[in-house]
Amino acid sequence: MTSLQDILYGVSIRSVQGNLLTEPKDLQIDSRKIVSGSCFIAIKGVQADGHQFIEKAVAAGAGSVIAEVLPAELKEGVVYVQVADSSVAAGVMASNFYGQPSSKLKLVGVTGTNGKTTVATLLYKLFTSLGYDCGLISTVNNVIAGEVIEATHTTPDAIQLQALLKRMVDKGCRYAFMEVSSHAIHQNRIAGLEFAGGMFTNITHDHLDYHKTFDEYIRVKKKFFDELPASAFAISNLDDKRGMVMLQNTVASKQYYSLRSMAEFKGKILENGLTGLLMTINDQEVHFRLIGEFNAYNLLAVYGAAVNLGEDKQEVLECLSKLSGAEGRFDYQVSPVDKIIGIVDYAHTPDALLNVLKTIKQLKQGEEKVITVVGCGGDRDKTKRPIMGQVACEFSDKAIFTSDNPRSEDPEAILRDMEADLNSAARRKYISIADRRQAIRTAFSLAMPGDIILVAGKGHEHYQEIKGVKHHFNDKEEMERVIRELGR
Ligand SMILES: CC(=O)N[C@H]1[C@@H](OP(=O)(O)OP(=O)(O)OC[C@H]2O[C@@H](n3ccc(=O)[nH]c3=O)[C@H](O)[C@@H]2O)O[C@H](CO)[C@@H](O)[C@@H]1O[C@H](C)C(=O)N[C@@H](C)C(=O)N[C@H](CCC(=O)O)C(=O)O
Ligand SMILES: Nc1ncnc2c1ncn2[C@@H]1O[C@H](COP(=O)(O)OP(=O)(O)OP(=O)(O)O)[C@@H](O)[C@H]1O
Ligand SMILES: N[C@H](CCC[C@H](N)C(=O)O)C(=O)O
Ligand SMILES: [Mg+2]
């Protein structure tokens, strides 16, 4: 056990009431999880303010409380610590509580609107195939040297995050690769982490419900790089409009990757087809199993990180060439009878949808049609809905708008948002079917032999979330079922 005094090392403290030599049983940011002897950290959230639950936490047995504002009445025997920022304190305290795990392995964080899961997963797979025990923290799942743990967030809260890293250290992991979401940066879930490297993929429209403006979204992402230590590397996408701005104020060692200009990690696509990518990376010709220009960027980023981590360039390229991507990302199958190509992809932003549809266009060999099934999440950025609707129509021959985790919203209302700004050509191409299963079935009914069906937005997800209930649903499974049932 560690004393509260040690756990508070590095935290900006305003005042203390009580004995800091007390030894908390665990750290909690949720009063509902308090057990006898827990330390409760009150954090101001989006929905609620953790400070409102201090009394409840104490009643449930909390032995210590960390807060920005202390309650008027303090209970005897309980230690109260007033801090400058309790979300930062949560990260720093969790790191101390778990023995500063990020300093005991090499931790690489990946941020950006699209490509985080792909890059982090490829790094995990690459370093595993190079013979290291590694950890992965991602949207799809968290992995500790092969042991899979379900993920609830892209980046877990500070306490779960540090606990995961501790388990990685205990299992002998040398590396950990993690996604750093903009929510996590903004909420200081990554406070207290020591990064060996930071990577930027790209920034486009998403999460404006949360960050309000695009400038604020950029500022939040940039903060991750501003706070990297000088010992870290920072790798950015030179072809992204904000690629240089991201690294403008970092003290980390700056490097770039590009398909268009001179950069430390320079790539060129020679062939881009359904069997993969043939490209040169710093003049070495390599074939990759991943598909599409956007994956050329992801591969360059991964190569750059591996070189920075001291791996042999040739060996890295050999291992990378054998890897497949992350689950539910451009995952394609060909139907046995009519040779319809069915693609499941996690594109859930306008840019990702555009990229995946452009990639499909490049892969087309003749007059085959593209049918896109897509929806937009409920309780998420509403402004992306009409844009995704238009993109789906513009770059497909037919679009079927459907539901994608309507959450607390009315699925029909989300469909109306997707239809709102369609131009006249787009209006002729779409139909809306709220039931996703029915939408996928309709796509296969409409398809002619050889056509391409893209089912976008849910990727690896195994559920459809409706009014707080997660119903089992998986696009790939649905596709396989429909192909079987329709005999296609
Ligand atoms: C909008 C958002 O990010 N919300 C996250 C945030 O919740 P919040 O600010 O709403 O918390 P709150 O409910 O206001 O409560 C404030 C504090 O009071 C505490 N509390 C609350 C109730 C109570 O009875 N007792 C109590 O102590 C809470 O534990 C919390 O510490 O902090 C919580 C704890 O860390 C997160 O679980 C929660 O994620 C919600 C569920 C969520 O859906 N987040 C999504 C949007 C998200 O984070 N996504 C990103 C990336 C997406 C992407 O990759 O595109 C991610 O990293 O996953
Ligand atoms: N580098 C990239 N640039 C643009 N689009 C990409 C890139 N990489 C992947 N995509 C597209 O974005 C989708 C999501 O990719 P991925 O899951 O790797 O991103 P992510 O950043 O982890 O997303 P999330 O924010 O949901 O965690 C993919 O299915 C693909 O369509
Ligand atoms: N991590 C993202 C994923 C969105 C995926 C899409 N299927 C949706 O539910 O909107 C989010 O929570 O906003
Ligand atoms: Mg992700």
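For every chain, the first residue of the written sequence is number 1, and numbering continues from 1 along that sequence. Ligands are numbered from 1 and chains lettered from A, in the order in which they are written. Confidence filtering applies because this is a predicted model: local features only for residues at pLDDT of at least 70, side-chain atom pairs given and counted only at 80 or more, and all residues used for totals across whole chains, interfaces and linings.

As recorded in an unreviewed UniProt entry, the protein chain goes by the name UDP-N-acetylmuramoyl-L-alanyl-D-glutamate--2,6-diaminopimelate ligase, listed as coming from Flavihumibacter fluminis. What UniProt records for the protein chain under Cofactor (unreviewed entry) is the sentence "Mg(2+)". UniProt positions are given in the numbering used here, feature names are shortened, and annotations may be inferred rather than shown by experiment. Taken verbatim from the UniProt record of the protein chain, the Sequence similarities (unreviewed entry) comment is "Belongs to the MurCDEF family. MurE subfamily."

Before going further, it helps to examine the site of ligand 1. Inspection of the region around ligand 1 gives 20 residues, with G45, Q47, H153, D157 and S181 positioned closest. A class-by-class count of the residues in the shell around ligand 1 yields six nonpolar, eleven polar and three charged. Being near a molecule or strand means, for a residue, that its C-beta atom, positioned from the backbone, comes within 6 Å of it. Side-chain classes are defined by residue name, with Ala, Val, Leu, Ile, Met, Phe, Trp, Tyr, Cys and Pro counting as nonpolar, Asp, Glu, Lys and Arg as charged, and the others, Gly among them, as polar.

We now examine the site of ligand 2. Taken together, 24 residues form the shell around ligand 2, and within it G115, K116, T117, T118 and A352 come nearest. Counting only elements with at least two residues in the shell around ligand 2, the list comes to α4 (116-129), α10 (293-308) and α12 (350-363). Considering each element in turn, the shell around ligand 2 owes the most residues, four residues, to α12. Note on conventions: DSSP H or I runs of at least 4 residues are helices, E runs of at least 2 residues are strands, and numbering of each starts at the N terminus.

Only buried residues count toward a nonpolar core: Ala, Val, Leu, Ile, Met, Phe, Trp, Tyr and Cys, linked into one set through C-beta atoms within 7 Å. Three classes are used. A residue is buried when 20 or more other C-beta atoms lie within 10 Å of its own, exposed when 12 or fewer do, and partly exposed in between, with C-beta atoms placed from the backbone. In terms of nonpolar packing, the biggest core is built from 146 residues, with I41, M93, L123, A176, V302, I453 and L454 touching the most fellow members. If you tally residues by element for this core, the top one is α10, at ten residues.

Moving on to the sheet that holds strand β1 (residues 13-17). At least two bridges found by DSSP between two strands is the condition for calling them paired. Read from one edge of the open sheet, five strands run β1-β5-β4-β3-β2, paired in mixed fashion. Here the strands that pair on one side only, and so sit at the sheet edges, are β1 and β2 (27-28). Note that β1 and strand β5 (residues 79-83) share four bridges and pair antiparallel. Residue pairing in the sheet places I13 in a bridge with V83 of β5. We call two residues in contact when the distance between their C-beta atoms, placed using the backbone, is within 7 Å. Interaxial angles span 0 to 180 degrees and are taken between N-to-C directions of axes, which are lines fitted to C-alpha atoms, for helices over the stretch in contact. Helix-sheet contacts for helix α3 (residues 86-97) involve β2, β3 (39-41), β4 (64-67) and β5, and the interaxial angle to β3 is about 145°.

With that settled, the discussion passes to the packing of α4 against α10. At a minimum axis separation of 9 Å, α4 and α10 run at an interaxial angle of 50°. Judged on the interaxial angle alone, α10 and α4 are oblique. The crossing of α4 and α10 is right-handed. Where α4 approaches α10, its residues T118, V119, L122, L123 and L126 are matched on the opposing element by N295, N298, A301, V302, A305 and A306. Broken down by class, the residue content of the contact of α4 with α10 amounts to eight nonpolar, three polar and no charged. Working definition: roughly parallel below 35 degrees, roughly antiparallel above 145 degrees, roughly perpendicular at 65 to 115 degrees, and oblique for all remaining angles. Put simply, a crossing is left-handed when the front helix is turned counterclockwise from the back one by less than a right angle, and right-handed when it is turned clockwise.

UniProt's feature table lists "domain: Mur ligase C-terminal" (unreviewed entry) at residues 328-459, given in the numbering used throughout. In the segment residues 328-459, helix accounts for 37% and strand for 23%; the C-alpha atoms at its two ends are 4 Å apart.

Glancing now at the sheet that holds strand β13 (residues 253-258). Strand order in this open sheet of eleven strands is β9-β8-β7-β10-β6-β11-β12-β13-β14-β15-β16, and the pairing throughout is mixed. The sheet is open, and its two borders are formed by β9 (147-150) and β16 (284-288), each paired with just one other strand. Across the sheet, the axes of successive neighbouring strands diverge by a mean angle of 20°, strand direction being ignored. Here helix α8 (residues 214-226) sits on the sheet in contact with β6 (106-111), β11 (197-200) and β12 (233-237), set at roughly 160° to β6. Where helix α11 (residues 313-321) meets the sheet, it contacts β15 (276-281) and β16, and its direction lies at approximately 25° from that of β16.

Our focus in this paragraph is the environment of Q248. Counting through the fold element by element, Q248 comes out in the loop between α9 (243-247) and β13. With 12 C-beta atoms counted inside 10 Å, the residue Q248 sits in the exposed group. Separated by 165 residues in the primary sequence, Q248 and A413 have C-alpha atoms spaced 41 Å apart.

What follows covers the packing of α12 against helix α13 (residues 384-394). Where α12 meets α13, the axes come as close as 9 Å, and the angle between the chain directions of the two elements is 10°. Taken together, the axes of α12 and α13 are roughly parallel relative to one another. Together, P350, L353, L354 and L357 of α12 and K384, I387, M388, V391 and A392 of α13 make up the contact between the two elements. Split by residue class, the contact of α12 with α13 holds eight nonpolar, no polar and one charged.

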